[in-house]
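# Notes for the structure review
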Amino acid sequence: MTEQRRATIIGTGLIGGSVGLALRARGWRVSGVDNAPGLADRAIELGACDAVGIDADSDLVVVATPVGAVIEEARGALAACPKAVVTDVGGVKAAIVAALDDPRFVGGHPMAGSEELGLEGADADLFEGAAWTLCPGPATTDATYATVRHVVASFDAQVLTLSPADHDRVVAVVSHVPHLTAAALVRVTGDHSSDHAALLRLAAGGFRDMTRIASGSPAIWPGVCEQNRDAIVEVLDQLRDELATIRSIVAERDRPELLRVLGEAQQVRQTLPTRPSDAGPHSEIRVFVKDQPGALRAVATLATDLDVNLAFATTIDLDGTAGGMVVLRVLSDDAERLCRGLLDAGFRAFVQNEDET
């Protein structure tokens, strides 16, 4: 009989509670802790945890606190749980990964949320189809990365691998500045609501969809903005310049230019990718790697750069050799492209289709 896997969740709010529910649905025994009085007990009532407290025998610890508390909590978990791999769910990665230079830590960030705030909104299916970025540090072992990646993939999340710096630049564009922009738009609405009684009743449809993210908890954002200040300010400056251009076009009644700008935006919006799908036939790619740390994460990072979703990734030791093998499972339509990219990067790799296995 296989021994039950054990996990500890530090921070049992929306994301931590959802991780707990997802783990328990997959057979894990989950313990939870939270600084808010009674919240971990409530997590037990809702089925997100089995027990309150840090489980020293944990195989996995997930730190689901605001970003300002992640480093301290993760250090404590690494000390308290000697066999556990530790990850976090914070929206900023560079400062956290740099501070936690430990073989058993890998930074993480699920791009998932809910209009329902806190633990009461927790959902075992919250991460299904969502992007979940992993950001290994220089010390992160392949075993640590593979363990966390396997768990995240078991939630049916789409796993991406980025450097911490690349992650922070990307999320400033697609998450942090959009949230701040939505907040600004809602504030404009509030400024006008006293003069126009019908305004708030009309603020539905597109406006409501565009500003939905402003309904998230404000408490996480001071830490995010502090840790990712430079990237956020840079994107805000770009947005300010774009708004100034559009303001000038509108003020000058430049109809042709307005049509051009809006047409360009429409085209870009239509080319944005939807969530990747694992539907369809798959192929296996086998990559020979040297016996050195970081082989699996290097291959996974290259796959992300090439926009290839890995349905499965693991390493195999090759007895009697100075290296090993990374085994990847990808959609067959993506296999040749990824294999060419690996070969161009200096790896030895070959594709094996499903019907050849």
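The structure reproduced in this document is the subject of the present report. (Residues numbered from 1 in each chain as written. Predicted model: local features only at pLDDT ≥ 70, side-chain atom pairs only at ≥ 80, totals over all residues. Heavy atoms only, no water.)

## What about the overall build of the chain?
Within the chain, the regular secondary structure consists of 13 helices and 12 strands. When each of the 357 residues of the chain is scored for burial, the buried share is 41%. Only carbon and sulfur atoms are counted for the fraction: they give 53% of the accessible area of the chain, which is about 19100 Å². (Helix = DSSP H or I, 4+ residues; strand = E, 2+ residues; numbered from the N terminus. Buried < 20%, exposed > 50% of the residue type's maximum accessible area, 1.4 Å probe, protein only. Areas by Shrake-Rupley, 256 points an atom, 1.4 Å probe, with all protein chains shown as cover.)

## A short note on the pairing of strand S6 (residues 105-110)
Most of S6 is tucked away: 6 of the 6 residues are buried. Side-chain alternation along S6 places Phe105, Gly107 and His109 on one buried face and Val106, Gly108 and Pro110 on a second face that is also buried. As paired elements, strand S5 (residues 85-88) and S6 share 2 bridges and run parallel to each other. Looking at the pairing, Val86 lines up with Phe105 of S6. Crossover connection from S5 via helix H4 (residues 94-99) to parallel S6: handedness right-handed. Of the strand pairs in this sheet, S6 and strand S7 (residues 131-136) are connected by 5 bridges, and their pairing is antiparallel. Bridging from a neighbouring strand, Val106 pairs with Pro136 of S7. (Pairing = 2+ DSSP bridges. Right-handed = clockwise from strand over helix to strand, strands pointing away.)

## Brief notes about a negative patch on the surface
A cluster of like negative charges, contributed by Asp123, Asp125, Glu128 and Asp156, occupies part of the molecular surface. Within the element layout of this structure, Asp156 appears in the loop between helix H5 (142-154) and strand S8 (158-161). On the accessibility criterion, Asp156 (43% relative accessible area) is partly exposed. (Patch = residues over 30% accessible without salt bridge, like charges linked within 9 Å, V, L, I, M, F, W, Y side chains within 5 Å. Salt bridge = Lys/Arg side-chain N within 4 Å of Asp/Glu carboxyl O. Lys, Arg positive; Asp, Glu negative; His and termini not counted. Charge placed at Lys NZ, Arg CZ, Asp CG, Glu CD.)

## Focus: a nonpolar patch on the surface
Taken together, the side chains of Val170, Val173 and Val174 define a hydrophobic patch exposed on the protein surface, amounting to about 240 Å² of accessible area. Topologically, Val173 is positioned in helix H6 (residues 164-193).

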